[in-house]
Amino acid sequence: MNKWQELEARYYMQTGRRSPLTIERGEGLRVWDDEGNEYLDFVGGWAVDTLGHCHPRIVKALEEQGRTLIQTSNQFYTIPQLQLAEVLVENSCMSRIYVCNSGAEANEGAVKLARKYGRVHRNGAYEVITALNSFHGRTLAMVSATGQPAHQDIYQPIPTGFVNVPYGDVEAIMEATSEKTCAVLLEPIQGEAGVVTPGEEYLRRVREWCDKQGLLLILDEVQTGIGRLGTLFGYQQFGVEPDIMTLAKGLGGGVPIGAFMAKEEAAVFEPGDHGSTYGGNPLTCAVAFAVVDEVISGHILNNVRQNGERLMKGLGALQAKFPFMTEVRGRGMLQAIVFSEDVAPDVFTACLANRLLINTPRPNIVRFMPPLVVTEAEVDEAVEKLEAALAQVAQDMGLLKG
Ligand code: PLP
């Protein structure tokens, strides 16, 4: 344990298990620990560092806005908030936006909006259907929305008004629908569950069902939005348009920001219905505007698609060598390997020794979500380091072919 890890053990609430690494600084795809060791970062702040660490445009936006105006409250109009609103509305299927501070808060806002919609248009319907194994955040209501009993049990009684059904199963949504239902809330790809991608027709059929029943479709694009899958938003790859969409993570490229957006018919809030002290503040909005502008006007989406394919090919080649890799899945810069055994922690440790940072959302799954500016050479380097790590794990655990 180094000094910082001792301080954490003594002073910090023990809410999660950290990896044994203290990161001091970053640039692009690289980070350095407190002893000056360099790592290739395929965690990317948990799918947050869209432009890599300390990208010049982000630093410039922070510096310039920091000197200009940081916070005024939503009592007044501020310029970066409205520039961000314009660029996101004009480049999506949505009509309006509300900017907040995190993904959980964005989903809370979306559910409040859906409940108001239910009150106005569906005789007071309030229930939201969500998926098992989803992840929508850590606030109490999002603990109910997040269909993971392990996250729910210790906080009972948790807010009611959510029904969790199996992901990928349209019939389950149909069966769970009643006169109390106002919306269906889904991730286009379940990120925290280990990059679970639904069948081709799933979202289209859910959309059809929502249209038929007069329900709102809310897509949680906190992880899939802002270019991560190779299009600005994930829904663009699934042939559906949501009524409400939530964003966070990659939107800020590292600063805490979230947003929910809605089509005009669903944007039923009136003055006084919702609010936030920091939501839409000039500092984080100036950074988010720089991030979105860079993703839209640069070559980033193309880069995500091309290098996403390169990564998938690289991982596929490893699968041929390591039979305990049972599946490679995902799109763009959100990919995962599923193993036949619970070796993810061992693979993580071996990668760390090879100076590659990866994420382990499940004991048998590792996930890759590098910054979207990743280069071909960096993809190849990650695959090489991973191969060395897998060879080590295979040898240590007797998992070699034959
Ligand atoms: N929704 C999805 C799909 C997520 O992946 C996450 C975080 O991992 C959240 C919501 C919660 O976001 P935050 O941690 O910013 O509250």
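Basis of the calculations
- Residues numbered from 1 in each chain as written.
- Predicted model: local features only at pLDDT ≥ 70, side-chain atom pairs only at ≥ 80, totals over all residues.
- Heavy atoms only, no water.
- Core = buried A, V, L, I, M, F, W, Y, C linked by side-chain atoms within 4.5 Å.
- Buried < 20%, exposed > 50% of the residue type's maximum accessible area, 1.4 Å probe, protein only.
- Helix = DSSP H or I, 4+ residues; strand = E, 2+ residues; numbered from the N terminus.
- Contact = heavy atoms within 4.5 Å.
- Near = heavy atom within 4 Å.
- Polar contact = N/O pair within 3.5 Å; in protein donor to acceptor, adjacent residues only side chain to side chain.
- Areas by Shrake-Rupley, 256 points an atom, 1.4 Å probe, with all protein chains shown as cover.
- Nonpolar A, V, L, I, M, F, W, Y, C, P; charged D, E, K, R; others polar.
- Phe/Tyr/Trp six-rings, centres within 6.5 Å; stacked < 30°, edge-to-face > 60°.
- Lys NZ or Arg CZ within 6 Å of the ring centre and 35° of its normal.
- Pairing = 2+ DSSP bridges.
- Axes fitted to C-alpha atoms, helices over the stretch in contact; angles between N-to-C directions.

Give me the lowdown on the nonpolar core, citing residues and values where you can.
Within the largest apolar cluster, 100 residues are counted, with the highest numbers of intra-cluster contacts made by Leu84, Leu88, Leu186, Leu251, Val347 and Leu386. Among the elements that line this core, the one with the most residues is helix H13 (residues 376-397), at eight residues. When neighbours within four sequence positions are excluded, Leu186 is seen to be in contact with Ala131, His136, Tyr167, Ile173, Tyr202, Leu203, Val206, Ile218, Leu219 and Asp220. Grouped together as the second largest cluster of nonpolar side chains are 22 residues, Ala104, Leu113, Ala125 and Leu185 included.

Tell me what's going on with the site of the ligand, and back it up with residues and numbers.
As a matter of local geometry, the ligand sits amid 13 residues, with Gly103, Ala104, Asp220, Gln223 and Lys249 nearest to it. Separating a nitrogen atom of the ligand from a backbone N or O atom of Phe135 is a distance of 3.2 Å. With respect to the ligand, the side chain of Lys249 contributes an N or O atom lying 3.1 Å from an oxygen atom. When the ligand is considered free in solution it has 390 Å² of accessible area, and contact with the protein chains removes 82% of it. Take the shell around the ligand: its biggest share by element is three residues, from helix H5 (residues 103-121). Along the lines of polarity and charge, the residues of the shell around the ligand split into three nonpolar, six polar and four charged.

Can you break down unusual backbone geometry residue by residue, with the values?
Cis geometry marks the peptide bond from Gln156 to Pro157, where omega comes out at 0 degrees. Among the secondary structure elements, Pro157 is positioned in the loop between helix H7 (149-152) and strand E6 (162-165). Even without being a glycine, Trp46 presents a positive backbone phi close to 65 degrees. The topology assignment puts Trp46 in helix H2 (residues 44-47). The backbone of Ile226 sits at a positive phi, close to 55 degrees, despite the residue not being glycine. In this fold, Ile226 is placed in the loop between strand E8 (216-220) and strand E9 (244-247). Taking the relative accessible area as the measure of exposure, Ile226 reaches 1% and is therefore buried.

Explain the environment of Val255 residue by residue, including any values.
Relative to the helices and strands, Val255 resides in the loop between E9 and strand E10 (258-262). Here the alpha-carbon distance between Val255 and Asn2, two residues 253 residues apart in the chain, equals 27 Å. Once you skip the residues sitting within four places of it in the chain, Val255 turns out to touch Leu62, Thr284 and Val287.

Provide a residue-level description of the packing of aromatic side chains, including the pertinent values.
Applying the stated criterion across every chain, the model contains six aromatic pairs. Where Tyr167 meets Tyr202, the ring centres are 5.4 Å apart and the plane angle is 75 degrees; that geometry is what we call edge-to-face. Remark: Tyr202 occurs in helix H9 (residues 202-213) and Tyr167 occurs in the loop between E6 and helix H8 (170-176); sequence separation between them is 35 residues. Of the two residues examined, Tyr167 and Tyr202, each falls in the buried class. Their ring planes at 25 degrees and their centres at 5.6 Å tell us that Phe324 and Phe339 sit as a pair that is stacked. Taken together, the positions of Phe324 in the loop between helix H11 (300-321) and strand E11 (325-331) and Phe339 in strand E12 (residues 334-339) put the pair 15 residues apart, joining distant regions of the chain. Since its relative accessible area comes to 3%, Phe324 is described here as buried. For Phe339, a relative accessible area of 2% corresponds to the buried category. Directly above the aromatic system of Trp32 lies the positively charged group of Arg25, at a separation of 4.1 Å from the ring centroid.

With reference to specific residues and values, describe the sheet that holds E6.
The mixed open sheet is built from seven strands, whose spatial order is E4-E10-E9-E8-E7-E5-E6. Whereas interior strands pair on both sides, the edge strands pair on one side only; in this sheet they are strand E4 (96-100) and E6. When strand polarity is set aside, the average angle formed by the axes of neighbouring strands in this sheet is 20 degrees. With three bridges connecting them, E8 and E9 associate as parallel partners. By the bridge assignment, Leu219 is partnered in E9 with Met245.

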